[in-house]
Structures are given as C-alpha cells and as structure tokens.
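What follows is the residue order along each chain.
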Amino acid sequence: DTAVSQTPKYLVTQMGNDKSIKCEQNLGHDTMYWYKQDSKKFLKIMFSYNNKELIINETVPNRFSPKSPDKAHLNLHINSLELGDSAVYFCASSQDPRTRWGSSYNEQFFGPGTRLTVL
Amino acid sequence: GDSVTQMEGPVTLSEEAFLTINCTYTATGYPSLFWYVQYPGEGLQLLLKATKADDKGSNKGFEATYRKETTSFHLEKGSVQVSDSAVYFCALSPINAGGTSYGKLTFGQGTILTVHP
C-alpha cells in the first residue's frame with residue numbers, strides 16, 4: 001500500500017534520448033510535485049500540479065514536460081536528454097496548499113526517487 | 001528570494017551524543033518551517049514542522065523551535081542512535097498574507113549525519 005510510487009527506480013540512457021518517469025499517489029491528494037536532487041543532495045522544485053492544473057513552474061528547460069492525466073498521476077517526460085540531467089528525481093504529493101487547511105498542514109509525501117543516469 | 005542555509009556537514013557522532021544541526025532562513029512574511037529526513041536509498045519523510053513563531057515541532061526525540069527574531073529553526077536531539085544516520089533537510093514554505101501558499105518548498109543543502117556505535 002505504497003503512498004507515492006515512482007517508476008522506474010533506475011534509468012540509464014544515452015544522451016539525446018527521450019524518456020519518461022511515472023508517478024502515482026493513492027493518498028487522495030490533489031496536488032503533486034516534481035523535485036530534482038543533484039549529486040550534492042541539493043533539492044529544487046521543478047513543477048507542481050493541482051487537479052491537473054499547473055501551479056508552479058520553476059525555471060526548467062522546456063525539454064522537461066510534466067503531464068497529469070488525472071489528479072493521482074503526474075508523469076515527467078524529458079526530451080533530448082543531456083549529461084546535466086543526471087540526478088535523482090522525486091515526486092511528491094500533498095493537500096491543496098492554496099487552502100488554509102493545505103497551507104497549515106502542508107506536509108508533502110515523497111516517493112522513493114528515480115535515479116536517472118545519462119551517458 | 002527565499003533561502004535556507006544549513007550548517008556544513010557531514011556530521012559524525014557517537015551513539016548517545018547530543019545533536020544540533022543549525023538552520024537559518026530568509027523569507028518575507030511568515031513561512032512555515034520543516035525538517036525532512038532522507039534515509040539511505042529512500043525518499044524524504046517529514047520529521048517535524050512549525051507554522052508560527054515560537055512553535056516547537058517535535059518527533060522521535062527531535063525538536064526544533066521557530067525563532068523569528070533570529071530567523072532560525074535549529075534541529076536538536078539529546079541522544080542520537082545509529083538508526084538516526086541520514087541526510088537532514090531544513091525547508092520553508094512561504095505563506096502569503098491570506099494564510100495560504102503554493103506549496104513551494106525551498107530546501108537547505110542538507111546535512112549528512114553519521115552515528116557510530
């Protein structure tokens with residue numbers, strides 16, 4: 001009964017390829033996020049979706065395109081992979097942070113991460 | 001912009017030692033503050049949180065107090081165990097005047113803690 005799951009756990013690919021990472025949550029949350037963790041463990045938010053609507057879009061190359069088919073899923077598609085894309089990508093979910101309830105109890109639940117290696 | 005600064009790591013302690021990991025922040029308004037923990041090979045888990053000045057968050061023997069006057073949220077534990085070995089992240093979520101946010105967590109750089117028996 002995993003709360004936030006990601007597939008695959010490891011992804012090794014060549015430069016220039018296109019790849020996707022999938023994320024699913026069964027917590028009933030309506031907000032989902034993608035974070036990137038670099039080799040020095042630094043974590044930075046990339047995107048956030050609420051009920052399939054984009055609400056946070058940080059300065060991320062447009063080779064990265066999140067897709068939310070429904071509020072329980074947020075997939076990350078990456079085109080033309082580059083060496084610098086190598087990182088661990090974490091998906092997370094929470095209650096809607098834009099509500100008073102969400103902001104006071106803004107616990108984000110994280111998936112186990114996907115380690116992407118671009119060769 | 002908002003930022004979080006944690007003490008440089010890694011931190012190495014013997015079991016039962018006292019732990020402090022410093023965290024200071026820069027933000028406008030009244031952010032919520034969090035400590036997350038990442039055990040080896042896993043995702044992040046919320047350890048504790050505080051949503052207003054002078055609040056003390058606590059969990060599993062860890063504590064942190066929201067100090068607005070010093071813009072700090074230092075993590076402490078009186079007696080660490082080997083099982084506490086992990087990476088600890090301080091984070092903030094800005095709260096606007098209406099008391100809501102967009103859920104954007106800004107993280108510190110993480111502090112690696114290793115506890116030896």
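For the structure, check the block above.
Attention in this report is confined to the structure presented alongside it. (Residues numbered from 1 in each chain as written. Chains lettered and ligands numbered in written order. Predicted model: local features only at pLDDT ≥ 70, side-chain atom pairs only at ≥ 80, totals over all residues. Heavy atoms only, no water.)

Examining the overall build of chain B
From N to C terminus, chain B includes zero helices and twelve strands. For 117 residues, the compact-globule estimate of 2.2 N^0.38 gives 13 Å, and the C-alpha radius of gyration of chain B, at 14 Å, lies within 12% of that figure. With 117 residues in all, chain B has 48% of them scored as buried. For chain B, restricting intrachain contacts to residue pairs at least 6 apart in sequence, the fraction spanning at least 24 positions comes to 57%. Within the structure as shown, chain B displays about 5300 Å² of accessible surface, and the carbon and sulfur contribution to it stands at 50%. Distance between charge centroids for chain B: 8 Å, based on 8 positive and 11 negative side chains. (Helix = DSSP H or I, 4+ residues; strand = E, 2+ residues; numbered from the N terminus. Rg over C-alpha atoms; globule rule 2.2 N^0.38 Å. Buried < 20%, exposed > 50% of the residue type's maximum accessible area, 1.4 Å probe, protein only. Contact = heavy atoms within 4.5 Å. Areas by Shrake-Rupley, 256 points an atom, 1.4 Å probe, with all protein chains shown as cover. Lys, Arg positive; Asp, Glu negative; His and termini not counted. Charge placed at Lys NZ, Arg CZ, Asp CG, Glu CD.)

A few points about the state of the cysteines
All names here are of chain B. Throughout the structure, instances matching the rule amount to two disulfides over all chains. Paired through a disulfide, Cys23 and Cys90 show a sulfur-sulfur distance of 2.0 Å. Across the S-S bond linking Cys23 and Cys90, the dihedral sits near -70°, which makes this disulfide left-handed. Remark: Cys90 occurs in strand E10 (residues 86-93) and Cys23 occurs in strand E4 (residues 23-26); sequence separation between them is 67 residues. An identical accessibility class is assigned to Cys23 and Cys90; each is buried. (Disulfide = S-S within 2.5 Å.)

Points about the sheet that holds strand E3 (residues 19-21) of chain B
Residues and elements named next belong to chain B. Taken in spatial order, the four strands line up as E3-E9-E8-E7 in an open sheet, and their pairing is antiparallel. In this open sheet, the two edge strands, each paired with only one partner strand, are E3 and strand E7 (56-59). If you compare each strand with its neighbour and ignore which way they point, the axes differ by 15° on average. (Pairing = 2+ DSSP bridges. Axes fitted to C-alpha atoms, helices over the stretch in contact; angles between N-to-C directions.)

Details of the packing of aromatic side chains
Using the criterion set out here, one finds eleven aromatic pairs over all chains in the structure. Consider the rings of Tyr33(A) and Tyr35(A), whose centres lie 6.3 Å apart with planes at 35°: the pair is tilted. We classify Tyr33(A) as buried; its relative accessible area is 0%. With a centroid separation of 6.4 Å and an interplanar angle of 75°, the aromatic rings of Phe110(A) and Phe107(B) are classed as edge-to-face. Here the residue Phe110(A) occupies a position in strand E10 (residues 109-110), and Phe107(B) occupies one in strand E11 (residues 106-107), the pair thus bridging two chains. Each member of the pair, Phe110(A) as well as Phe107(B), is classed as buried. Taken together, the ring pairs in this structure connect Tyr33(A), Tyr35(A), Phe110(A), Phe34(B), Tyr36(B), Phe89(B) and Phe107(B) into an aromatic cluster. (Phe/Tyr/Trp six-rings, centres within 6.5 Å; stacked < 30°, edge-to-face > 60°.)

Concerning the pattern of salt bridges
One pass over the full model with this rule turns up seven salt bridges over all chains. Where Asp55(B) meets Lys52(B), a salt bridge forms, and the shortest distance between an N and an O atom there is 3.3 Å. Judged by relative accessible area, which is 52%, Lys52(B) ranks as exposed. Salt bridges sharing partners connect three or more residues here, namely Lys44(A), Glu58(A) and Lys104(B). (Salt bridge = Lys/Arg side-chain N within 4 Å of Asp/Glu carboxyl O.)

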